[in-house]
Amino acid sequence: MTHVEDELAGQPDCWNRAASEVSRYTGELPTPGERVAIVGCGTSFFMAQSAAALRESAGHGETDAFAASEFPHGRTYDHVVALTRSGTTTEVVDLLTRLRGRTRTTALTADPNTPVMTAADHTVVLDHADERSVVQTRFATTALTLLRAHLGLHTEAVVADARAALAAPLPQGLVERGQFTFLGRGWTVGLANEAALKMREAALAWTEAYPATEYRHGPISITTEGAATWMFGEPPEGLAEQVRATGGLWVSTGLDPLAELVRAQRLAVALAAARGLDPDRPRHLTRSVILAP
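A brief report on the enclosed structure follows. The model shown is predicted, which means the values in this text are computed figures rather than measured ones.

Now for the overall build of the chain. On a plain count of helices and strands, the chain comes out with ten helices and nine strands. Taking 293 residues into account, the globule formula puts the C-alpha radius of gyration at 19 Å, and the chain, at 18 Å, falls close to it. By principal-axis analysis of the C-alpha atoms, the chain measures approximately 55 × 40 × 40 Å. The burial tally for the chain puts 56% of its 293 residues in the buried class. When contacts within the chain are restricted to residue pairs at least 6 apart in sequence, long-range pairs at least 24 apart make up 72% of them. Carbon and sulfur atoms provide 50% of the accessible area of the chain, an area that totals close to 12100 Å². Charge-centre separation for the chain: the mean point of 26 positive side chains lies 2 Å from the mean point of 34 negative side chains.

Spelled out as structure tokens, the structure:
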């Protein structure tokens, strides 16, 4: 078993632990009414997109998401939350250092022995969700679970769905497809982006991601009998029928969208195996991007 297979299989237990311990971090996480920005790089950026949409839609206050390198320093925020598994990513550490003394910051990380521990005002260490694989799975989803639980949006049903996502076989013929498009709405747009990234990282696959209603505005033209379109959450009315009419495979299970991401992670690993690739050693990637001064 690869590291990434082992780590993605451990997600339900990691989510349970994060949700059960969320009350420990009330003082570190944003409070209702604060104007918040959530930042990250790569997978962490896509989790930030989902977390920001969840927080704002739940009525907790205006919340934006940015890649750490694209943070708008001309704006004023009450609280900036950074997601960083390694705690060493240059763009994140530089941003937190620049914000020190001006804006309250919190970092969610997996490693308590890294520069982010002193760069941020507050830290939340999810070391039980740390990973050996370059390809992120359980840390990212555990960080998002913690933030969902902090908003009162996590339930035991989410974990049950994740266990179901690990146990059920992938749709027949899915691995044989040559193109994959992931769709989301609201907070699940970030999950769709992350699913596409997993496929590119682990399996070098042709993947794209869009807000679901944007799919009709051009991208559906690539859908053929060799393509699959995977929906996270409730689809727009009529979209499934439109995809099926192209000959493409429509995938949508009704599981909680975060559990649906677990299925997409499994697809990335399965496709990598089918192509003779090692998902623990993705091409041109390292566990953390650390830039020279």
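The next thing to look at is the packing of aromatic side chains. Counted by the stated rule, this structure contains seven aromatic pairs. Measuring from ring centre to ring centre gives 5.9 Å for F66 and F71, while their planes differ by 80°; the resulting arrangement is edge-to-face. Each member of the pair, F66 as well as F71, is classed as buried. With a centroid separation of 5.8 Å and 35° between ring planes, the pair formed by F182 and W230 is classed as tilted. Placement of the pair is F182 in strand β6 (residues 179-184) and W230 in strand β8 (residues 227-231), with a sequence separation of 48 residues.

By size, the foremost hydrophobic cluster in this structure holds 59 residues, and its most contacted members are L108, L146, F180, F182 and F232. Here this core takes nine residues from helix α10 (residues 257-274), the largest share from any one element. In contact with F232, not counting residues within four places along its chain, are F182, L183, G184, R185, T188, L191, A192, A195, P257, E260, L261 and A264. One finds V39, V92, V93 and V116 within the second-largest nonpolar core, a separate group that totals 17 residues.

With respect to topology, four strands assemble into an open sheet ordered β7-β6-β8-β9, the strand pairing being parallel. The open sheet has two edge strands with one neighbour each: β7 (207-211) and β9 (249-251). This sheet shows a mean twist of 20° between the axes of neighbouring strands, independent of strand direction. Pairing of β8 with β9 involves three bridges; the strand directions are parallel. Across the sheet, residue W230 finds its bridge partner in β9, namely V251. In this fold helix α9 (residues 239-246) packs onto β6, β8 and β9, with an angle of close to 150° to the strand it touches most, β9.

A few words on the pairing of strand β3 (residues 79-84). Most of β3 sits inside the fold, with six of its six residues counted as buried. Both faces of β3 are covered, namely the face carrying H79, V81 and L83 and the face carrying V80, A82 and T84. Two strands pair when backbone bridges link them, and strand β1 (residues 36-40) and β3 are joined in this way by four bridges, in the parallel orientation. Residue pairing across strands places V36 opposite H79, the latter belonging to β3. Where β3 lies against strand β4 (residues 104-109), six bridges are found, and the strand directions are parallel. Within the sheet, the bridge partner assigned to V81 lies in β4 and is T106. As a crossover connection, the stretch from β3 through helix α4 (residues 90-99) into β4 is right-handed.

Parameters at a glance
- Counting restarts for each chain: residues are numbered from 1 in the order of the written sequence.
- Totals for whole chains, interfaces and linings use all residues, but because this is a predicted model, local features are given only for residues with pLDDT of at least 70 and pairs of side-chain atoms are given and counted only at 80 or more.
- Calculation of side-chain values draws on the structure's entire complement of heavy atoms; hydrogens and water are dropped beforehand.
- Counting from the N terminus, the helices are DSSP H or I runs at least four residues long and the strands are E runs at least two residues long.
- Radius of gyration here is computed from C-alpha atoms only, and the compact-globule reference equals 2.2 Å multiplied by the residue count raised to the power 0.38.
- With a 1.4 Å probe rolled over the protein chains alone, any residue whose accessible area is under 20% of its type maximum counts as buried; one over 50% counts as exposed, and the rest are partly exposed.
- We call two residues in contact when some of their heavy atoms are within 4.5 Å.
- Each accessible area is a Shrake-Rupley estimate made with a 1.4 Å probe; only the visible protein chains count as cover when residues are assessed.
- For the purpose of counting charges, residues Lys and Arg are taken to be positive, whereas Asp and Glu are taken to be negative. His and the chain ends are not included.
- Here the site of a charge means atom NZ of a Lys, CZ of an Arg, CG of an Asp or CD of a Glu.
- Centres within 6.5 Å are what make two rings of Phe, Tyr or Trp a pair, Trp counting through its six-membered ring; a difference in plane orientation under 30 degrees is then read as stacked, over 60 as edge-to-face, and the rest as tilted.
- Nonpolar cores are built from buried Ala, Val, Leu, Ile, Met, Phe, Trp, Tyr and Cys residues. Side-chain atoms within 4.5 Å join them into one set.
- Should DSSP find at least two bridges between two strands, the strands are regarded as paired.
- Each axis is a line fitted through C-alpha atoms, and for a helix only the stretch in contact is used; angles between axes span 0 to 180 degrees, taken between their N-to-C directions.
- Here, the term right-handed applies to a crossover whose path from the first strand over the helix to the second runs clockwise when the strands point away from the viewer.

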